[in-house]
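# Topology and contacts: notes
Listed here are the chains, written in short residue letters.
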Amino acid sequence: SFIGEESVAAGEGSVLTDNPTWIIDPIDGTTNFVHRFPFVAVSIGFVVNKKIEFGIVYSCVEDKMYTARKGKGAFCNGQKLQVSGQEDITKSLLVTELGSNRDPETVKIILSNMERLLSIPIHG
């Protein structure tokens, strides 16, 4: 099976089943792409029994290929990635994306979530 982000965004329905399924977003960062902001990627995932098996993200502008496989780790251009081990949240950097839905109820939820995030004593 195939699920394409662009077709789902256009209103086509999709159902994730237990079948092996490719999930593809050919322009991950569409808003960035439209505004010529250089953070755009091609993202591909493969799912079996509704569980991710592996994923690939190609950051076009940076020419970086990120890969990950269940139980095998994550890599950038073939070099193994690992988390920092930082456990003190006050030394963390928080990054979020607000989405493009401006429905009043959705905006209310987003702002409520942002308020909770901003109350955490983070570094930045």
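Being a predicted model, the structure only gives us computed values, none of them experimental.

### Notes on the UniProt feature "binding site: Mg(2+)" (unreviewed entry) in the protein
- Mapped onto the present numbering, the UniProt feature "binding site: Mg(2+)" (unreviewed entry) falls at Glu 5, Asp 25, Ile 27 and Asp 28. Maximum C-alpha separation among the annotated residues is 8.7 Å over a sequence range of 24 residues, consistent with a single clustered spot.
- Relative to the helices and strands, Ile 27 is located in strand S2 (residues 21–28).
- By relative accessible area, which is 27% here, Ile 27 ends up partly exposed.

### Digging into the side chain of Ser 43
- Here Ser 43 lies in strand S3 (residues 41–48).
- Side chain to side chain, Ser 43 and Asp 28 meet in a polar contact 2.7 Å long.
- With residues up to four places along the chain from it excluded, the contact list for Ser 43 reads Ile 23, Ile 24, Asp 25, Asp 28, Ile 56 and Val 57.

Cut-offs applied
- Residue numbering note: each chain is counted from 1, following its sequence as written.
- It should be noted that, the model being predicted, local features are given only for residues of pLDDT at least 70 and side-chain atom pairs only at 80 or more, the latter also being counted only at that level, while totals for whole chains, interfaces and linings use all residues.
- Side-chain numbers come from the whole structure's heavy atoms, not from hydrogens or water.
- UniProt positions are given in the numbering used here, feature names are shortened, and annotations may be inferred rather than shown by experiment.
- By the criteria applied, helices consist of DSSP H or I runs no shorter than four residues and strands consist of E runs no shorter than two, each listed in order from the N terminus.
- Between buried and exposed lies partly exposed: a residue is buried under 20% and exposed over 50% of the maximum accessible area for its type, with that area taken using a 1.4 Å probe on protein chains only.
- For the purposes of these results, a polar contact is taken to be a pair of N or O atoms within 3.5 Å, where, inside protein, one atom must be able to donate a hydrogen and its partner to accept one; residues adjacent in sequence count only when each atom of the pair is a side-chain atom.
- Between two residues, a contact is recorded if the distance between any of their heavy atoms is within 4.5 Å.

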